[in-house]
Amino acid sequence: MSYEEKHLLHAIELAERGLGQTFPNPIVGAVIVNPEGEVIGEGFHAGGDHAEIVAIKDAQSKGYGVTGASVYCSLEPCNHSGKTPPCSTSLIEAGVAEVYFALSDPNPIAAGGASALREAGVQVEGDLLVNDAVYSNRAWITKVRLGRPRITVKIAQTLDGRVAASDGKSKWITNDSARAHAKQLREQFDAICVGTGTAVADNPTLRGATRNPKRFVIGNRDLPSLALNQEEGFEQLKTHDFTHVLKVFSDKGFNSVLIEGGPTLISAALSSDVVDEIHLYQAGSILGSGKSSVDIPEFTDFSHQLHYEITALSIIEGDIFAIYFKKDDQ
Ligand SMILES: NC(=O)c1ccc[n+]([C@@H]2O[C@H](COP(=O)([O-])OP(=O)(O)OC[C@H]3O[C@@H](n4cnc5c(N)ncnc54)[C@H](OP(=O)(O)O)[C@@H]3O)[C@@H](O)[C@H]2O)c1
């Protein structure tokens, strides 16, 4: 048998289906290919069994044995006993012949799977698609590196940078398809937050398309009954201090947090320099005076400005969707 990149790319795609469901763990996908080159098992981690185990069970449920098979993993198989036994051990016991993985595990607690597999006679090749794997697992990697979740700000604004009219009306800035897209992306985050201003003005539900992230409202004022109280409810953090907010989110083990507004909270997050990523939806409308999406005091020194660079750009029925990463970020 020999390595085929398409199977590893597929493992990375499978991993992404677990976004929003794996914290504090990374997302991981796995594909099992038999010696005839046929895909016999697929799996991804969604908070329960690890991807490799899901894929082995998938193959077995279809009547396939995995002895002598090749396993493609988006991340190095773990070598750590947590809620489940080490995947390296499970793969050795299952008798697989080859393991190909996209990225070595940067987490010292779980790393070492490749060595354990090699010692058991399994042929192993790693770091085969590092850039793709880092991109898809960037939230968890930020947490491993910085000890806090990756923070993304979402902005839906007009062409002149407004998120609401001066009387507070903001429904709707972007088109139906862009809003449906935002709802899909929302559930890929572990948690979502808005400031008390948005909670009171919009009474949002902050739903995902098929499931809801953990929901937070940040700010000191007492909140009247909110739509957010329906379903699983929300938690209020009565603070303006982002160090405290990040500590709460880190203690909960979140990999990713989405700040959905409004402009005061977004501006405070940007001023605190904790925003790793910006998701910008931009409509083709001009609203005139109204609330700006970002309103922070002018930097006293030109060199202090914050820099983000575009990493993805698409058009959603006439609206723009762009992803920006903090410059010098991976
Ligand atoms: N187009 C969009 O994407 C979008 C998204 C969201 C909101 N909006 C619009 O934005 C408007 C609401 O704007 P907003 O700026 O009032 O909403 P906001 O940013 O959600 O809430 C602001 C409030 O958050 C609290 N807060 C929490 N942390 C803070 C910090 N570090 N610094 C300062 N305040 C902090 C403060 O309230 P306390 O006094 O309670 O502490 C502050 O008044 C609405 O019209 C809404 O429709 C538009």
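Just above, that's the structure.
About the criteria used
Residues numbered from 1 in each chain as written. Predicted model: local features only at pLDDT ≥ 70, side-chain atom pairs only at ≥ 80, totals over all residues. Heavy atoms only, no water. Helix = DSSP H or I, 4+ residues; strand = E, 2+ residues; numbered from the N terminus. Rg over C-alpha atoms; globule rule 2.2 N^0.38 Å. Contact = heavy atoms within 4.5 Å. Pairing = 2+ DSSP bridges. Axes fitted to C-alpha atoms, helices over the stretch in contact; angles between N-to-C directions. Expected span 1.5 Å × (residues − 1). Buried < 20%, exposed > 50% of the residue type's maximum accessible area, 1.4 Å probe, protein only. Patch = residues over 30% accessible without salt bridge, like charges linked within 9 Å, V, L, I, M, F, W, Y side chains within 5 Å. Areas by Shrake-Rupley, 256 points an atom, 1.4 Å probe, with all protein chains shown as cover. Salt bridge = Lys/Arg side-chain N within 4 Å of Asp/Glu carboxyl O. Right-handed = clockwise from strand over helix to strand, strands pointing away. Polar contact = N/O pair within 3.5 Å; in protein donor to acceptor, adjacent residues only side chain to side chain. Core = buried A, V, L, I, M, F, W, Y, C linked by side-chain atoms within 4.5 Å.

Attention now moves to the overall build of the protein. Along its length, the protein carries ten helices and 15 strands. Computed over C-alpha atoms, the radius of gyration of the protein comes to 22 Å, within 12% of the 20 Å expected from 2.2 N^0.38 for 330 residues, which places it in the range of a compact globule. With respect to the principal axes defined by its C-alpha atoms, the protein has extents near 65 × 40 × 40 Å. Across the protein, every contact between residues at least 6 apart in sequence was considered, and the portion connecting residues at least 24 apart equals 68%.

What follows deals with the sheet that holds strand β9 (residues 214-218). Strand order in this open sheet of eight strands is β10-β9-β8-β11-β6-β12-β15-β14, and the pairing throughout is mixed. Two strands lie at the open edges of the sheet, namely β10 (235-237) and β14 (308-316), each paired on one side alone. Along the sheet, successive strands turn relative to each other by an average axial angle of 25°, direction set aside. Relative to strand β11 (residues 256-261), strand β8 (residues 191-195) runs parallel, the two sharing four bridges. Paired with V194 across the bridge in β11 is G261. Strands in contact with helix α6 (residues 138-146) are β6 (150-157), β11, β12 (277-282) and β15 (319-326); relative to β6, the strand with the most contacts, it is inclined by about 135°.

What follows covers helix α1 (residues 5-16). Over its twelve residues, α1 runs 17 Å from end to end, which matches the ideal 16 Å to within 8%, given 1.5 Å per residue. H7, L8, H10, A11, I12, L14 and A15 are the residues of α1 that are buried. Looking at the buried residues of α1, the elements they touch are β1 (29-33), β2 (39-44), β3 (70-73), β4 (98-101) and α5 (130-136).

So, about the environment of K83. Tracing the sequence through the fold places K83 in the loop between β3 and α3 (87-94). Its relative accessible area of 80% is what places K83 among the exposed residues. When the C-alpha atoms of K83 and H7 are compared, they prove to be 28 Å apart, with 76 residues separating the residues in sequence.

Here the focus is a nonpolar patch on the surface. Together, I310, L313, I315 and I320 make up an exposed nonpolar region whose accessible area comes to about 420 Å². When residues in the nonpolar patch are grouped by element, the largest group, three residues, is from β14. Mapped onto the fold, L313 is located in strand β14. Accessibility expressed as a relative area gives 61% for L313, which makes it exposed.

A few words on the pattern of salt bridges. Scanning all chains against the criterion turns up 15 salt bridges. In this structure, R150 and E277 form a salt bridge, with 2.6 Å as the shortest nitrogen-oxygen distance. Of this pair, R150 sits in strand β6 while E277 sits in strand β12; the two residues are 127 residues apart in sequence, bridging distant segments of the chain. The salt bridge partner of K154 is E260, with a shortest N-O separation of 3.5 Å. Taken as a pair, K154 in strand β6 and E260 in strand β11 lie far apart in primary sequence, 106 residues in all. A single burial state applies to K154 and to E260, both of which are buried. If you follow the salt bridges from partner to partner, you end up with R138, R150 and E277 in one network.

For the rest of this paragraph, the subject is the pairing of β4. The side-chain alternation of β4 yields two buried faces, one formed by E98 and Y100 and the other by V99 and F101. Inspection of the sheet shows β3 paired to β4 by four bridges, in the parallel sense. If you follow Y72 over to β4, its bridge partner there is Y100. Read from β3 through α3 to β4, the crossover connection turns out right-handed. Pairing of β4 with strand β5 (residues 123-125) involves three bridges; the strand directions are parallel. Bridging from a neighbouring strand, E98 pairs with Q123 of β5.

Let us now look at the side chain of T22. With respect to the helices, strands and loops of the structure, T22 is situated in the loop between α1 and β1. Side-chain polar atoms of T22 contact the backbone oxygen of P26, separated by 3.4 Å.

With that out of the way, let us pick up the nonpolar core. Of all hydrophobic cores here, the largest spans 37 residues; its most connected members are I32, V66, V71, L91, V96, V99 and V124. Sequence-distant contacts of V71, defined by excluding residues within four places in its chain, comprise V31, I32, L91, V96, E98, V99 and Y100. Counting 26 residues, the second-largest nonpolar core is a separate cluster that includes C193, F254, I259 and L270.

Pairing is mixed across the open sheet formed by five strands, whose spatial order is β2-β1-β3-β4-β5. Among the strands making up the open sheet, the edge pair consists of β2 and β5. Between one strand axis and the next, the sheet turns through 15° on average, direction left out of account. Relative to β2, helix α2 (residues 51-61) is tilted by about 140°, and along the sheet it contacts β1, β2 and β3.

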